[in-house]
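# Architecture and fold: a report
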Amino acid sequence: LKSGGLLEVIEAGTGLDDIGGLDELKRWLSGRRRAFGTAARSYGLPAPKGLLIVGIPGTGKSLTAKAAAGALQLPLLRLDMGRVFGGIVGQSEANLRTVIQTTEAIAPCVLWIDEIEKGFAGSSSGGSTDGGTSSRVFGSFLSWMQEKQKPVFVVATANDVSQLPPEFLRKGRFDELFFVDLPDARERAHIWDIVIERHGRNPTDFDPVVLARASESFTGAEIEAAFIDALHTAFDNDREPTMADVGEAMGRIVPLAQLMDGKIAA
Ligand code: ATP
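The heading Sequence similarities (unreviewed entry) in the UniProt record of the protein chain holds the text "Belongs to the AAA ATPase family. Highly divergent."

Here is the structure:
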């Protein structure tokens with residue numbers, strides 16, 4: 001892939017079944033699947049533009065980008081926002097052009113832009129500290145999003161909606177904006193199920209419903225971290241992991257959500 005390290009091809013192998021919770025998002029993706037096909041183009045439907053997924057870290061946003069590509073059976077390209085900006089004058093604009101040309105040449109494909117707010121924070125009207133470079137690049141990106149003819153489906157993920165330029169949220173840029181929250185008990189049970197199975201164990205040996213109750217305010221990433229920790233303990237003792245191992249592992253994790261609450265209270 002000739003993109004000067006801006007783009008990375010990500011192996012798919014993930015589908016919507018690998019995501020616990022996020023039902024609305026999954027429903028949107030499976031409901032719109034046909035809109036990506038050639039039948040939809042000849043019918044006269046515009047190609048789907050993209051999704052903006054916002055939420056706290058570890059809730060499955062990146063997983064969703066991969067699952068979207070898997071579900072749509074399209075190649076997935078990840079854009080490293082950090083590499084777009086910088087260099088000599090005009091370099092950032094040239095980088096964006098390279099990204100657009102490369103993805104359009106590969107289209108149909110999914111372009112995943114992780115932590116999009118990092119690149120475009122403060123890019124909208126005024127407030128620019130870099131001689132206007134990021135505003136210009138941002139403007140070009142927005143016009144591309146609005147006018148692109150080639151089926152490049154953009155999945156942009158962001159942690160903080162307040163950091164996003166409001167132009168992103170306007171209709172015509174992304175098809176849909178999804179907020180991803182902490183999973184509720186039912187969703188956590190599903191995530192435990194998926195995580196246990198992903199690590200080669202049988203969910204019925206663990207009782208995901210009990211685990212879901214004990215993992216309140218955990219993200220999906222924290223649930224997985226707890227299970228891996230339990231696997232380590234069991235491995236060190238030459239045995240299979242037990243509910244007790246998982247319970248102890250959970251006790252060693254301080255959920256990010258609690259840390260953030262603490263900060264606000266302080
Ligand atoms: P970040 O903003 O830090 O990139 P994220 O929201 O993109 O976080 P992921 O990277 O997708 O989160 O999640 C990390 C890992 O946690 C995933 O690879 C997956 O193993 C697990 N995970 C998180 N959320 C879920 C979920 N809803 N269902 C199943 N697994 C999950």
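Spatial strand order, 1-3-4-5-2-6: six strands in an open sheet with mixed pairing. The sheet terminates laterally at strand 1 (7-10) and strand 6 (176-180), the two strands that pair on one side only. Across the sheet, the axes of successive neighbouring strands diverge by a mean angle of 25 degrees, strand direction being ignored. Two elements, strand 4 (residues 109-113) and strand 5 (residues 152-158), share five bridges in a ladder whose sense is parallel. If you follow Val 110 over to strand 5, its bridge partner there is Phe 153. The strands touched by helix 5 (residues 91-106) are strand 1, strand 3 (76-79), strand 4 and strand 5; relative to strand 4, the strand with the most contacts, the crossing angle is about 150 degrees.

Of all hydrophobic cores here, the largest spans 30 residues; its most connected members are Leu 79, Leu 111, Ile 116, Phe 141 and Phe 168. Among the secondary structure elements, those contributing two or more residues to this core are strand 2 (50-55), strand 3, helix 4 (81-84), helix 5, strand 4, helix 6 (116-120), helix 7 (133-147) and strand 5. If we skip the residues at most four places from it in the chain, Phe 141 touches Leu 96, Ile 113, Ile 116, Phe 120 and Phe 168. Judged by nonpolar contacts, the second largest core, of 24 residues, contains Leu 22, Trp 28, Ala 65 and Leu 74.

The next subject is the pattern of salt bridges. What the rule picks out here adds up to 10 salt bridges. The salt bridge involving Arg 186 is made with Asp 23; its shortest N-O contact spans 3.0 Å. Note that Arg 186 is positioned in helix 8 (residues 185-198) and Asp 23 in helix 1 (residues 23-31), a separation of 163 residues in sequence. Taking relative accessible area as the criterion, Asp 23 reaches 28% and is therefore assigned partly exposed. When the shortest N-O distance is used, the salt bridge between Asp 229 and Arg 252 registers 3.0 Å. Linking Asp 229 in helix 10 (residues 220-236) with Arg 252 in the loop between helix 11 (243-251) and helix 12 (256-265), this pair joins segments that are 23 residues apart in sequence. Residue Asp 229 is classed as partly exposed on the basis of its relative accessible area, which comes to 24%. When its relative accessible area of 48% is taken as the criterion, Arg 252 is described as partly exposed. Through salt bridges with shared partners, a single network forms among Glu 8, Arg 78 and Asp 114.

A separate point is the packing of aromatic side chains. The description of two aromatic rings rests on the distance between their centres and on the angle between their planes. Within this structure, the stated rule accounts for seven aromatic pairs. Ring geometry for Phe 141 against Phe 168: centres 6.1 Å apart, planes inclined by 90 degrees, an arrangement best described as edge-to-face. Here Phe 141 is found in helix 7, whereas its partner Phe 168 is found in the loop between strand 5 and strand 6, with 27 residues between them in sequence. What makes Phe 168 buried here is its relative accessible area of 2%. Both rings, one in Phe 168 and one in Phe 174, keep their centres 5.8 Å apart while their planes meet at 65 degrees; by these two values the pair is edge-to-face. With a relative accessible area of 6%, Phe 174 lands in the buried category. Among the aromatic residues, ring-to-ring pairing joins Phe 138, Phe 141, Trp 144, Phe 168 and Phe 174 into one connected group. Geometry around Trp 144 places Lys 148 over its ring, the cationic atom sitting 5.5 Å from the centre.

Its location among the elements puts Val 254 in the loop between helix 11 and helix 12. Along the sequence, Val 254 and Pro 108 sit 146 residues apart, while their C-alpha atoms lie 41 Å from each other. Beyond its immediate sequence surroundings of up to four residues, Val 254 is in contact with Glu 222 and Leu 259.

Close to the ligand lie 17 residues, the nearest being Gly 20, Gly 58, Ser 62, Arg 198 and Glu 224. Lys 61 places a polar main-chain atom, nitrogen or oxygen, 2.9 Å from an oxygen atom of the ligand. Protein chains shield 82% of the accessible area of the ligand, which is 620 Å² for the free molecule. Here the ligand occupies the largest pocket. Only helix 3 (61-72), helix 8 and helix 10 provide two or more residues apiece to the shell around the ligand. In terms of residue class, the shell around the ligand is made up of six nonpolar, seven polar and four charged.

A contiguous nonpolar surface patch, about 250 Å² in accessible area, is contributed by Leu 1, Val 9 and Ile 106. Locating Ile 106 in the fold gives a position in helix 5. Taking the relative accessible area as the measure of exposure, Ile 106 reaches 31% and is therefore partly exposed.

Calculation notes
- Residues numbered from 1 in each chain as written.
- Predicted model: local features only at pLDDT ≥ 70, side-chain atom pairs only at ≥ 80, totals over all residues.
- Heavy atoms only, no water.
- UniProt positions renumbered as here; feature names shortened; annotations may be inferred.
- Pairing = 2+ DSSP bridges.
- Helix = DSSP H or I, 4+ residues; strand = E, 2+ residues; numbered from the N terminus.
- Axes fitted to C-alpha atoms, helices over the stretch in contact; angles between N-to-C directions.
- Contact = heavy atoms within 4.5 Å.
- Core = buried A, V, L, I, M, F, W, Y, C linked by side-chain atoms within 4.5 Å.
- Buried < 20%, exposed > 50% of the residue type's maximum accessible area, 1.4 Å probe, protein only.
- Salt bridge = Lys/Arg side-chain N within 4 Å of Asp/Glu carboxyl O.
- Phe/Tyr/Trp six-rings, centres within 6.5 Å; stacked < 30°, edge-to-face > 60°.
- Lys NZ or Arg CZ within 6 Å of the ring centre and 35° of its normal.
- Near = heavy atom within 4 Å.
- Polar contact = N/O pair within 3.5 Å; in protein donor to acceptor, adjacent residues only side chain to side chain.
- Areas by Shrake-Rupley, 256 points an atom, 1.4 Å probe, with all protein chains shown as cover.
- 1 Å grid on protein atoms, 1.4 Å probe; cavity = no way out; pocket = protein on both sides within 12 Å on 5 of 7 lines; lining within 4 Å.
- Sits in = over half its atoms within 2 Å of the grid points.
- Nonpolar A, V, L, I, M, F, W, Y, C, P; charged D, E, K, R; others polar.
- Patch = residues over 30% accessible without salt bridge, like charges linked within 9 Å, V, L, I, M, F, W, Y side chains within 5 Å.

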